[in-house]
Amino acid sequence: MKIGMVLYPTFGGSGVVATELGMALARKGHQIHFISYSQPVRLDRFMENVFYHEVNVPSYPLFEYHPYETALTSKIVNVALHERLDILHVHYAIPHASVALLAKQIVLSKGMHLPIICTLHGTDITLVGKDSSYKPVITYAINHSDAVTAVSESLRQDTLRHFEVINNIRVIYNFIDTSLYKFNPDECIKKITSPNGEKVIMHISNFRPVKRIPDIIRAFDIIRKHIPSKLVLIGDGPERQPAEDLVGTLGISKDVIFLGKIKSTENILPCADLFMLPSDAESFGVSALEAMASGVPVISTNVGGVPEVQIHGKTGFLSNVGDYADMAKNAIYILENDERRKQFSENAKLRAADFDIKKILPIYENLYQEIRNKQ
Ligand code: GMT
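Residues numbered from 1 in each chain as written. Predicted model: local features only at pLDDT ≥ 70, side-chain atom pairs only at ≥ 80, totals over all residues. Heavy atoms only, no water.

Attention now goes to the overall build of the protein chain. In terms of helices and strands, the protein chain carries 14 helices and 13 strands. Its C-alpha atoms put the protein chain at 70 × 45 × 40 Å along the principal axes. The buried share of the protein chain, taken over its 375 residues, is 57%. Taking the intrachain contacts of the protein chain between residues at least 6 apart in sequence as the baseline, contacts between residues at least 24 apart amount to 68%. Looking at the protein chain as shown, the accessible area adds up to about 16,200 Å², and 51% of this sits on carbon and sulfur atoms. (Helix = DSSP H or I, 4+ residues; strand = E, 2+ residues; numbered from the N terminus. Buried < 20%, exposed > 50% of the residue type's maximum accessible area, 1.4 Å probe, protein only. Contact = heavy atoms within 4.5 Å. Areas by Shrake-Rupley, 256 points an atom, 1.4 Å probe, with all protein chains shown as cover.)

Structural data, given as structure tokens:
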């Protein structure tokens, strides 16, 4: 099949999932056309069956806001007609879902049918999408897409709660390629971060307020008083500077390492003894799943789709939002006993296998086939 894949190219989870999905489909022989405003971060090598189309937005002094949606629509139309796409799969509703519908209309006026699949990822519904500035458009786009998927049951429920949905929303869970997550002690950053055998607690995100980075730092401040440990923070975003300031105020700078953005995390995650994800909201939590696939237990909040992924008391622990003291207590419980940590690690790896790409990819392929056959 020839599939157009519209996505955000950045480090956000939706872009990562879309890129990995496209690359996995390409490996199976489908032709994938990624469409975005810059090269997706995970699309960093040549691959057979993979094509990338960049959206350029010409500027003009009249435009206070650049008309990205118009340029994206035109790009989709051109790619669809030129490449004869069978299907268009857009990731993250804003603005991709409504843009896709307009592109579909334009393509139809040229005599070609372009079925649209929209995957909802989280903040496009729970934070941004439900804002009245976007809601009517998102509602329309959800109801008029040929198929809509959500990355967890929790996100499906949130969508039904916040929007007047008359379309069917199917849950297709996020996935990872578990074969990538292999432990390689020779490359382990532990040698650098923890020369005296300190435990490594890790977090990876785009450092947005929703991730609650201060809770990680405050929990770590408790943990380090009981267990010699280091905190490794990976990623960048608006909350990084305030986080660095908090680390300074608490006087724990020598134990907290900010590594910035790292493209492929599969080599670094296995160096962690524990992963923390204390978010306010999280429709799925791909980073937690990546940690679990690396055999790293997860300390997280009990929000959104996270409890659909990690199992309380088995693969890690779930706490209430903001209860960093409880997170610290749970972290110490796992870290203080090597045998116990090993058991959590095994459980995490086993659970992650439920979300292996080999299980999820055929579900997407069946959906594409079903929607294509409907025309
Ligand atoms: O929250 C992020 O870090 C980025 C955001 C995105 O849209 O790129 O992530 C959302 O989609 C991911 C992939 O489906 C999910 O794993 C994240 O849980 C979800 N984030 C939130 O719901 C806050």
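Let us keep going from here.
What follows concerns the pattern of salt bridges. Under the definition given, this model contains 24 salt bridges. Here Lys-254 makes a salt bridge to Asp-255, at a shortest N to O gap of 3.3 Å. A relative accessible area of 64% means that Lys-254 is categorised as exposed. Classification of Asp-255 by relative accessible area gives buried; the value is 8%. Notably, a salt bridge pairs Arg-340 with Glu-336, separated by 3.3 Å at the nearest N-O pair. Residue Arg-340 is classed as partly exposed on the basis of its relative accessible area, which comes to 24%. (Salt bridge = Lys/Arg side-chain N within 4 Å of Asp/Glu carboxyl O.)

With that out of the way, let us pick up the environment of Glu-239. Relative to the helices and strands, Glu-239 resides in the loop between β9 (229–234) and α9 (240–250). For Glu-239, a relative accessible area of 19% puts it in the buried group. Between the C-alpha atoms of Glu-239 and Pro-209, which are 30 residues apart in sequence, the distance is 6.3 Å. Not counting residues within four places of it along the chain, the set of residues in contact with Glu-239 comprises Phe-207, Arg-208, Pro-209, Ile-213 and Pro-214.

Looking now at a nonpolar patch on the surface. Taken together, Tyr-60, Leu-62 and Phe-63 make up a surface patch of nonpolar side chains, about 340 Å² in accessible area. A residue is classified by how much of its surface remains accessible, and Leu-62, at 66% relative accessible area, is exposed. (Patch = residues over 30% accessible without salt bridge, like charges linked within 9 Å, V, L, I, M, F, W, Y side chains within 5 Å.)

This paragraph deals with the site of the ligand. The environment of the ligand is formed by 18 residues, the closest being Ser-14, His-121, Asn-174, Glu-282 and Ser-283. Residue Gly-13 places a main-chain N or O atom 3.0 Å away from an oxygen atom belonging to the ligand. His-121 places a side-chain nitrogen or oxygen 2.6 Å from an oxygen atom of the ligand. With the chains in place, 95% of the 480 Å² that the ligand exposes on its own is no longer accessible. Its residues assigned to classes, the shell around the ligand comprises five nonpolar, ten polar and three charged. Formed jointly, the shell around the ligand draws a minimum of three residues from each of two domains, domain 1 (2–175 + 356–373) and domain 2 (178–355). (Near = heavy atom within 4 Å. Polar contact = N/O pair within 3.5 Å; in protein donor to acceptor, adjacent residues only side chain to side chain. Nonpolar A, V, L, I, M, F, W, Y, C, P; charged D, E, K, R; others polar. Domains from an automatic or database assignment.)

It is worth spelling out the packing of aromatic side chains at this point. Enumeration according to the criterion identifies ten aromatic pairs in this entry. Judged by centre distance (5.7 Å) and plane angle (80 degrees), the ring pair of Tyr-37 and Tyr-68 falls under edge-to-face. On the criterion of sequence distance, the pair formed by Tyr-37 in the loop between β2 (31–36) and β3 (50–54) and Tyr-68 in helix α2 (residues 68–83) is long-range, its members being 31 residues apart. One aromatic cluster is present, built from ring pairs that chain together Tyr-8, Tyr-37, Tyr-68 and Tyr-92. Its guanidinium or amino end placed over the ring of Phe-163, Lys-135 lies 6.0 Å from that ring's centre, counting from NZ or CZ. When the ring centre of Tyr-333 is taken as origin, the NZ or CZ atom of Arg-340, which lies over that ring, is 3.8 Å away. (Phe/Tyr/Trp six-rings, centres within 6.5 Å; stacked < 30°, edge-to-face > 60°. Lys NZ or Arg CZ within 6 Å of the ring centre and 35° of its normal.)

Glancing now at the sheet that holds strand β6 (residues 147–150). Strands sit in the order β3-β2-β1-β4-β5-β6-β7 across an open sheet of seven strands; the sheet is parallel. Two strands bound the open sheet, and with one partner strand each, they are β3 and β7 (169–171). The sheet shows a mean angle of 25 degrees between the axes of neighbouring strands, taken without regard to direction. Relative to β2, strand β1 (residues 2–6) runs parallel, the two being bridged by five bridges. Each residue of the ladder has a partner; that of Met-5, found in β2, is Phe-34. Running over the sheet, helix α6 (residues 153–162) touches β5 (116–120), β6 and β7 and is turned about 160 degrees from β7. (Pairing = 2+ DSSP bridges. Axes fitted to C-alpha atoms, helices over the stretch in contact; angles between N-to-C directions.)

Let us look at the domain arrangement of the protein chain. Per the domain assignment, the segments of the protein chain are domain 1 (2–175 + 356–373) and domain 2 (178–355). Using only C-alpha atoms to locate each centre, domain 1 and domain 2 end up separated by 30 Å. Contacts between the two partners involve 22 residues from domain 1 and, on the opposite side, 21 residues from domain 2. Buried surface at the junction of domain 1 and domain 2, both sides included, amounts to about 1,700 Å², of which 53% is carbon and sulfur. Where domain 1 meets domain 2, there are twelve residue pairs in polar contact (both at pLDDT 80 or more). Among the secondary structure elements, those contributing two or more residues to the side of domain 1 that touches domain 2 are α6 and α14 (357–373). For the side of domain 1 that touches domain 2, a count of residues per class yields ten nonpolar, seven polar and five charged. (Buried area = accessible area lost by both parts, 1.4 Å probe.)

This next bit is on the packing of helix α1 (residues 13–27) against α14. Direction vectors running N to C along α1 and α14 enclose 80 degrees, while the axes themselves pass 11 Å from each other. Looking at the two axes, α1 sits roughly perpendicular to α14. Between α1 and α14, the residues in contact are Glu-20, Leu-21, Ala-24 and Leu-25 and Ile-357, Leu-361, Tyr-364, Glu-365 and Tyr-368, respectively. The residue makeup of the contact of α1 with α14, split by class, is seven nonpolar, no polar and two charged. (Parallel < 35°, antiparallel > 145°, perpendicular 65-115°, else oblique.)

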